[in-house]
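Letter by letter, the chains look like this.
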Amino acid sequence: MNKELIIRSSSDAVDFALLKDGKLIELHKEEEKSNFQVGDIFIAKIRKPVAGLNAAFVNVGFEKDAFLHYHDLGPNLASQLKFIKLVTTGKLKEFSLKNFQFEKEIDKNGVVTDVISANQSILVQIVKEPISTKGPRISSELSLAGRFIVLVPFSDRVSISQKIESKEEKERLKRLLQSIKPKGFGVIVRTVAEGKKVTEIEKDLTTLLDRWSGMCKKLPTAHHPSKVLGELNRASSILRDVFNDTFSGIHIDDEELFYQTKDYLQEIAPSKQSIVKHYQSKDTPIFEKYNIERQIKTSFGKTVSMSKGAYLIIEHTEALHVIDVNSGNRSNKATNQEDTALEVNMIAAAEVARQLRLRDMGGIIVIDFIDMSDPENRKVLYDFLREEMSDDKAKHKILPPSKFGLVQITRQRVRPEVNIKTSEESPDRDSGEIEAPILIIDKIASDLELMLKKHKKVVLNVHPFVAAYLAKGFPSMRSKWFFEHKKWIKIIPRDAYTFLEYHFFDKKGNELTID
């Protein structure tokens, strides 16, 4: 398994595409105007505590106030408020917390109006970016994420990632962190820390403590509200969270970002620094070079094609996302309907796991798999889906398939869903919008494969534009079909056809259809 990160920079945004064995699995966009990323820390003021909601609205500089629930205040809120007051007034200039006297923890079942009041200064962290009509969701329980650990100020707990299965390794990491962490700070050990040496983890801890001190130095002069600690740039944060030994290349078309990424990789994985490449070709844009534009066009529509003619229908509502699995026009080589259903469902499960990450779909997702009567097959599908989603960094929970074939998933949503328009204006006048033209090529190829299993000679009739695309250039699509199927496909342009219309005929001129 090889992973590649492709980074495209423009004047107002940077796009990040994560590929797994050449297939697009994640797509992110970092816009210049984005001031509220997950992980950013703000110094702000409470605008209004609301007892009925047991929450407060906080002005963080967004057009709508951020929402701070009582359960997101953190048990050591009183200590944090005391610390902020001392630092902002200049009475405390030592930020290590080793000599700081902690206050009593707040009641976990308390009332918001008892612990905070209007116009009070508070440090808050963005935990969910503004989505739709809602302002950002925030927490006053701060955390600073590093490569191997997460630093939690005003805490003393050491927690180990549940994904680390070895009991001995968990004990080793816990002993290690308890011996090196400073007083007043808690630590969450990330999965990638498994097997790492003390020097690597200690270096990560030192970097995070330096970031904390740098943030605290800004507090006395910071106006309210303002960002006092920003997340890493998106390239670095992606590398921090997903980078491992399976990465084979990082390709960047911007020189400044190239050097930033190279420097960051030098810190976290010096032996892998050589995989960072500066893409300088002026002839082919970087996303076209790595076949990303095509994958975007074919992956973000309402209908998503899969192998063997199967496809997904993805519908979005305010309350949930619904995904329908269809077997489509496919040859049935399986011995019975149950085997066919299992085969299609397994293909669909892999694509669903990819689509959730690719679109960053969150909330409630309901998948209508093809019905299977055998409980053992339902268990196989469930285990396979869990395995496919094991690489997903977003918190999620998967329920086993019901008797009706429905699988329910809840997935954490912290950013707006990635939504790319794949339809465009039709070249045929007064025809409204059509699917992206690249989709028609995939449909023709899929149907052609089925046709050639039943017919020795196939003639394809298409719009002249599509005919030119299929037949021109080297290697042309028709040449690729020849090498794949060992049959030459005659292509006839038809002026009367609409842009996305196509039909197959035999050598006698009889139209062929897919049963």
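(A) The arrangement of the pattern of salt bridges in detail. Inspection of the entire model under this criterion finds 16 salt bridges. One salt bridge connects K82 with E103, and the closest N-O pair in it is separated by 3.1 Å. Placement of the pair is K82 in helix α1 (residues 77-88) and E103 in the loop between α1 and β7 (121-128), with a sequence separation of 21 residues. Between D383 and K379 there is a salt bridge, with its nearest N and O atoms 2.8 Å apart. One end of the pair, D383, and the other, K379, are both in helix α9 (residues 375-388), 4 residues apart, so they sit about a helical turn from each other. A single network of salt bridges, built from pairs that share partners, joins R8, D15 and E293.

(B) How the structure looks around the environment of F185. On the secondary structure map, F185 appears in strand β12 (residues 185-189). Residue classification places F185 among the buried residues on the basis of a relative accessible area of 1%. In the structure, F185 is positioned 32 residues away from P153 in sequence and 4.6 Å away in space, judged by C-alpha atoms. Apart from residues lying up to four places away in sequence, F185 is in contact with F95, S96, L97, L151, V152, P153, S155, D156, L209 and W212.

(C) Seen up close, the packing of aromatic side chains. Summed over the entire model, instances satisfying the criterion amount to 14 aromatic pairs. When the ring of F102 is compared with that of F154, the centres are 6.2 Å apart and the planes differ by 50°; the resulting orientation is tilted. Placement of the pair is F102 in the loop between α1 and β7 and F154 in the loop between β10 (149-153) and β11 (158-160), with a sequence separation of 52 residues. Judged by centre distance (5.9 Å) and plane angle (80°), the ring pair of Y502 and F504 falls under edge-to-face. F504 shares its class with Y502; the two are buried. Ring-pair connections join several aromatic residues into one group, and the members of that group are F83, F100, F102, F154, F185 and W212. If you follow R8 out to its NZ or CZ, it ends over the ring of F287, 4.1 Å from the centre. Looking at K82, its charged tip hangs above the ring of F100, at a distance of 5.1 Å from the centre.

(D) Representation of empty space enclosed by the protein in the model. Counted under the stated rule, the structure contains 2 cavities of 30 Å³ or more. Of the volumes computed, that of the largest cavity is approximately 90 Å³. Lining of the largest cavity is provided by 13 residues; of these, N76, S140, E141, P153 and F154 occupy positions nearest its centre. Mapped by element, the contributors of at least two residues to the lining of the largest cavity are α1 and β10. Its residues placed into classes, the lining of the largest cavity shows 7 nonpolar, 5 polar and 1 charged.

(E) Molecular detail of the side chain of D15. Within the secondary structure layout, D15 lies in strand β2 (residues 13-20). The contact partners of D15, leaving out residues within four places of it in the chain, are I6, I7, R8, H28, K29 and F287.

(F) Region of the structure containing the nonpolar core. Among the nonpolar cores identified, the biggest contains 37 residues, and F83, L123, L177, I201 and W212 are the most heavily contacted of them. Those elements that provide at least two residues to this core are β4 (41-50), α1, β10, β11, α2 (167-180), β12, α3 (198-218) and β13 (226-229). Among the elements that make up this core, the one with the highest residue count is α3 (6 residues). Beyond its immediate chain neighbours, meaning those up to four positions away, L177 contacts I149, V158, V187, V189 and I201. Of all hydrophobic cores here, the second largest spans 28 residues; its members include V352, I367, F369 and I398.

(G) Seen up close, the sheet that holds β11. Taken in spatial order, the 4 strands make up an open sheet running β9-β10-β12-β11, and their pairing is mixed. Where the open sheet ends on each side, the last strands, each with one partner, are β9 (144-145) and β11. Two strands pair when backbone bridges link them, and β9 and β10 are joined in this way by 2 bridges, in the antiparallel orientation. By the bridge assignment for β10, L144 is matched with L151. Strands in contact with α2 are β10, β11 and β12; relative to β11, the strand with the most contacts, it is inclined by about 155°. Relative to β10, α3 is tilted by about 40°, and along the sheet it contacts β9, β10 and β12.

About the criteria used
Residues numbered from 1 in each chain as written. Predicted model: local features only at pLDDT ≥ 70, side-chain atom pairs only at ≥ 80, totals over all residues. Heavy atoms only, no water. Salt bridge = Lys/Arg side-chain N within 4 Å of Asp/Glu carboxyl O. Helix = DSSP H or I, 4+ residues; strand = E, 2+ residues; numbered from the N terminus. Buried < 20%, exposed > 50% of the residue type's maximum accessible area, 1.4 Å probe, protein only. Contact = heavy atoms within 4.5 Å. Phe/Tyr/Trp six-rings, centres within 6.5 Å; stacked < 30°, edge-to-face > 60°. Lys NZ or Arg CZ within 6 Å of the ring centre and 35° of its normal. 1 Å grid on protein atoms, 1.4 Å probe; cavity = no way out; pocket = protein on both sides within 12 Å on 5 of 7 lines; lining within 4 Å. Points joined across faces, edges and corners; volume = space filled by probe spheres on them. Nonpolar A, V, L, I, M, F, W, Y, C, P; charged D, E, K, R; others polar. Core = buried A, V, L, I, M, F, W, Y, C linked by side-chain atoms within 4.5 Å. Pairing = 2+ DSSP bridges. Axes fitted to C-alpha atoms, helices over the stretch in contact; angles between N-to-C directions.

Spatial relationships are all this shows, so hold off on functional conclusions.
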